[in-house]
Amino acid sequence: STLFPYTTLFRSPYRPDGMNLPLLGSSLLAAALWAASGIAMRVANHIFTRTGPRAWFDLLMLAAVLAMWAGCALNLEALRGAGIRPQAHGYGATMYTMLAWQGLHAALLTLMTLYTLARRWAGLLDPAHRNTFDNTRIMGYFSVAQALVALAVLHAPRVLI
């Protein structure tokens, strides 16, 4: 995991003096968008289980993915806006590695969501045959959880140091 090197760096003498932390405002907006992604998945599950309007299911699934990507973009802005560059120091490189890890999860969630929607449009997904959707939903929840934990770790020096 990329969390260990980061926690080692922010408590060690290797952390450069005056190294900025990610912008708090952008980070909070990213956290809100990631939470919204999880909520969209939850509501999509509710609609899917109750055989609600299919168009709402599709929109919620796409909204969950878009919110995940928007959160990643805001997290990138939080790093860039604070002047943190990956090439400047291992501390910043570790922050960007954590962002890249979240981007990987957003990419996987995008592919899984598109596959889920394609199966639904083909008539292969319904409340009785829902494994594809359940796997996508679990991946969405996991992506939200790991993004929020990584964001908390990025801002831990504000509280711990």
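Above this text you will find the structure in question.
Residues numbered from 1 in each chain as written. Predicted model: local features only at pLDDT ≥ 70, side-chain atom pairs only at ≥ 80, totals over all residues. Heavy atoms only, no water.

Novice: Just to check I follow, could you spell out the pattern of salt bridges for this structure?
Specialist: Side-chain pairs of opposite charge can arise where the charged atoms are in close proximity. Overall, the coordinates contain 3 salt bridges when judged by the stated rule. Between arginine 130 and aspartate 134 there is a salt bridge, with its nearest N and O atoms 2.8 Å apart. Each member of the pair, arginine 130 as well as aspartate 134, carries the same accessibility label: buried. Among the salt bridges present, the one from aspartate 134 reaches arginine 137, with a minimum N-O distance of 3.1 Å. Linking aspartate 134 with arginine 137, this pair stays in helix α5 (residues 131–154), spanning 3 residues, or about one helical turn. (Salt bridge = Lys/Arg side-chain N within 4 Å of Asp/Glu carboxyl O. Buried < 20%, exposed > 50% of the residue type's maximum accessible area, 1.4 Å probe, protein only. Helix = DSSP H or I, 4+ residues; strand = E, 2+ residues; numbered from the N terminus.)

Novice: Quick question: what am I supposed to make of the environment of glutamine 102 here?
Specialist: In this structure, glutamine 102 sits in helix α4 (residues 90–121). With 31 residues separating them along the chain, glutamine 102 and glycine 71 place their C-alpha atoms 9.4 Å apart.

Novice: Teacher, can you tell me more about the packing of aromatic side chains here?
Specialist: In this description, an aromatic ring pair is defined by two values, namely the gap between the centres and the angle between the planes. Per the counting criterion, the structure on display carries 3 aromatic pairs. Look at phenylalanine 48 and phenylalanine 133: their rings are 5.0 Å apart centre to centre, the planes differ by 50 degrees, and that puts the pair in the tilted class. Remark: phenylalanine 133 occurs in helix α5 and phenylalanine 48 occurs in helix α2 (residues 24–49); sequence separation between them is 85 residues. Side by side, phenylalanine 48 and phenylalanine 133 carry an identical accessibility label, which is buried. (Phe/Tyr/Trp six-rings, centres within 6.5 Å; stacked < 30°, edge-to-face > 60°.)

Read these as geometric descriptors, not functional statements.
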